[in-house]
Amino acid sequence: MKVVIIGAGLGGLTFGACAAGDGHEVILIDKNKEPGGVLTLARQDGFSFEQGPLALTDLGPEESVGSFLESLGIHLETVRADRGLVTPDFALLPPEEYEGPAWRKKRLKALFPQDAAGIDEYYRFYEALMHLRFLGGQNFINRLKMLFAFRKIKKYENMSCRAFTEKLFSDERLRLVFNGILADFCADPDEVQCFTLPFVNPETGFEKRIPAEKNGRLFYPSFRYVVGGCQKIAEALCNYILAHGGQFLPETVAEKVLIEDGKAVGVRLSDGRELSADAVVGCGAARDFFTDLVGLEHLDETYRKILNSFRPMEAVFMLHLGVDYDPSVYQKQSLCYYYGSYDLHGAVQRLRSGVYHEGKDGYLIYFPDRHAPDFAPEGCHCVTIYTVCPDRLKEGSWAERKKVYADQLICLAEKYLPGLSEHIVTRKIMTAEDYRELTHMKKSSFGGVVPVWKQQNPPHVTPVRNLFFVGQQSENGGGVPAVIGGARDAYRKWTT
Ligand SMILES: Cc1cc2nc3c(=O)[nH]c(=O)nc-3n(C[C@H](O)[C@H](O)[C@H](O)COP(=O)(O)OP(=O)(O)OC[C@H]3O[C@@H](n4cnc5c(N)ncnc54)[C@H](O)[C@@H]3O)c2cc1C
């Protein structure tokens, strides 16, 4: 059968690789020159920078993404990753000498003795959820064990992250340690279920020396960098599709999904060409795709309702710097979060109303060339500083404001990377407008959908027969493992 896939991001590439591997004819279309969507690199003056994901979970050989890639014969070299966390009042950075898996717990108790009981309770909750994840419900015995394990945390099942952390911790600074990462997803702690917290804060993600195994079996998730950068995943998947007879049409825009008698039968391109197909796969911005390419009249009431109600994330403001000194002298880890405010609710509301915090609410600093030395010319290094930001500014435009905002970020980052401004040899700014262009979206939403509790996101199977929707704005949500896993599910739904 012939499948036309609109968008060579990770979702489209994964669907395409599954289909090509099974002998289907695959045509992959993308408006960009290279496959990968946000995984493609930004290049300037001999430097390369990552525009999308940094550290990934599930990449290990026994984990979902790693084993899927291995099954296609794709072997990626990866290294364990962790991240530091710095607030205006304290820093949680891995000690030079490994102090065991519980050093963060001990340090938090020393910082917040009045909340020691709550900290103990959090870590019991954390272990219970990790245990549930490990059991996974694959067989009857495990499902029984899960029921037993679930009893330990059932009392929290109706609590949001805000309610849960307020119950456990009296100090708002401690609440930030666990809720802070939600700001990365543009999510208010009030709208996310508390069971999410351990998975977005695995202790292994803050200390790479914590073993991922327990009793000889893989137990905890771990974060990894792809050596050479994440675009290697996209390149490998695209090469796999080509090696299995598929085609990649770069710099090609799909304008319309052709539908006859409620069934997708092909795609019209912006140059007027029409490609026939037995199935069509779309991705990218769900509202753009179904409004402009499909036509809302082809959807049923339920699908239209989901499209109207789901919440995509906002954008990122990313500043890439090529520097002629080694900044890792000052920041030991490749990735560190610097928070500037404890008011996450306020930060998210401001973001949604178009007010940019200009780095004051927080930013992160990342050194991509630590695991991709080719990204910087000899003697130089790469520094990426970024923040979440509104897709559209309430006042002014990104084009007008970007230089001022970039200067402000450099100024803030100099507190932790002294001398930064004197060592910049090149700089590249990525605003929401640039991300809209890169991803072909009218509203940039960098990580897909906000993980709002009970929110339904656009399903893979659409009301149009043989039309599927994948990627970070589909039912699986954003993030590399979710997008890959979701596209594999969508492929199974097509073929079964
Ligand atoms: C800054 C940033 C940091 C991130 N950090 C992480 C992280 O640390 N860990 C993690 O797991 N995930 C992270 N993510 C999220 C993850 O990268 C994404 O969820 C995932 O890569 C999205 O894949 P996708 O296929 O849905 O979409 P995209 O990458 O957006 O690809 C969609 C592609 O479709 C093309 N397209 C769309 N419509 C058309 C059309 N009509 N015609 C032709 N082409 C079209 C676009 O040009 C684009 O190339 C991050 C993302 C960003 C941007």
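Residues numbered from 1 in each chain as written. Predicted model: local features only at pLDDT ≥ 70, side-chain atom pairs only at ≥ 80, totals over all residues. Heavy atoms only, no water.

Novice: Would you mind going over the site of the ligand with me for this structure?
Specialist: Close to the ligand lie 37 residues, the nearest being Gly-11, Asp-30, Gln-472, Gly-479 and Val-480. At 2.7 Å from an oxygen atom of the ligand is found a side-chain nitrogen or oxygen belonging to Gln-472. Considered on its own, the ligand offers 1000 Å² of accessible surface; in the complex 94% of this is hidden by protein. Within the residue set of the shell around the ligand, elements represented by two or more residues are helix 1 (10-21), strand 16 (315-323), helix 14 (432-439) and helix 15 (480-495). The residue makeup of the shell around the ligand, split by class, is 20 nonpolar, 15 polar and 2 charged. When residues are assigned to domains, the shell around the ligand turns out to be shared by domain 1 (2-39 + 227-311 + 456-495) and domain 3 (315-439), each giving three or more. (Near = heavy atom within 4 Å. Polar contact = N/O pair within 3.5 Å; in protein donor to acceptor, adjacent residues only side chain to side chain. Areas by Shrake-Rupley, 256 points an atom, 1.4 Å probe, with all protein chains shown as cover. Helix = DSSP H or I, 4+ residues; strand = E, 2+ residues; numbered from the N terminus. Nonpolar A, V, L, I, M, F, W, Y, C, P; charged D, E, K, R; others polar. Domains from an automatic or database assignment.)

Novice: Before we go on, may I ask you to explain the environment of Trp-398 in this structure?
Specialist: By secondary structure assignment, the location of Trp-398 is in helix 13 (residues 398-413). For the pair formed by Trp-398 and Ala-432, sequence separation is 34 residues and the distance between their alpha carbons is 7.3 Å. Once residues within four sequence positions are removed from consideration, Trp-398 is found in contact with Phe-317, Tyr-356, Cys-389, Pro-390, Asp-391, Arg-392, Leu-393, Tyr-405, Thr-431, Ala-432, Glu-433 and Arg-436. (Contact = heavy atoms within 4.5 Å.)

Novice: Hey, could you run me through the environment of Arg-268 in this one?
Specialist: Mapped onto the elements of the fold, Arg-268 is located in strand 13 (residues 263-269). Exposure remark for Arg-268: the relative accessible area of 28% places this residue in the partly exposed category. Each C-alpha atom of the pair Arg-268 and Leu-293 lies 9.2 Å from the other, and the pair is 25 residues apart in sequence. When near neighbours in sequence (up to four residues on either side) are disregarded, Arg-268 contacts Ala-254, Glu-255, Lys-256, Leu-258, Arg-273 and Glu-274. (Buried < 20%, exposed > 50% of the residue type's maximum accessible area, 1.4 Å probe, protein only.)

Novice: How do you make sense of the pairing of strand 6 (residues 83-86) when you look at a structure like this?
Specialist: Side chains on a regular strand alternate between the two faces of the sheet. Neither face of strand 6 is left uncovered, since the one carrying Arg-83 and Leu-85 and the one carrying Gly-84 and Val-86 both have all their residues buried. In this structure, strand 6 lies alongside strand 7 (residues 91-92), joined through 2 bridges in antiparallel fashion. Across the sheet, Leu-85 pairs through a bridge with Leu-92, a residue of strand 7. The hairpin turn running from strand 6 into strand 7, its antiparallel successor, is 4 residues long. (Pairing = 2+ DSSP bridges.)

Novice: In this structure, what is going on with the domain arrangement of the protein? I would like to understand it.
Specialist: Often, the extent of an interface is quoted as the loss of accessible area upon association of its parts. Each domain of the protein was delimited in the assignment, giving domain 1 (2-39 + 227-311 + 456-495), domain 2 (90-207) and domain 3 (315-439). When domain 2 packs against domain 3, close to 1400 Å² is buried across both sides, 63% of that on carbon and sulfur atoms. Considering only the side of domain 2, the residues that lose the most area to domain 3 are Leu-176, Cys-186 and Asp-188, jointly responsible for 36% of the buried surface there. Where domain 2 packs against domain 3, one counts 1 salt bridge. One salt bridge in this structure joins Arg-352 and Glu-191, with 2.4 Å as the shortest N-O distance. Where domain 2 touches domain 3, the interface holds 6 residue pairs in polar contact (both at pLDDT 80 or more). Of the residues belonging to the side of domain 2 that touches domain 3, the class tally is 10 nonpolar, 2 polar and 5 charged. (Buried area = accessible area lost by both parts, 1.4 Å probe. Salt bridge = Lys/Arg side-chain N within 4 Å of Asp/Glu carboxyl O.)

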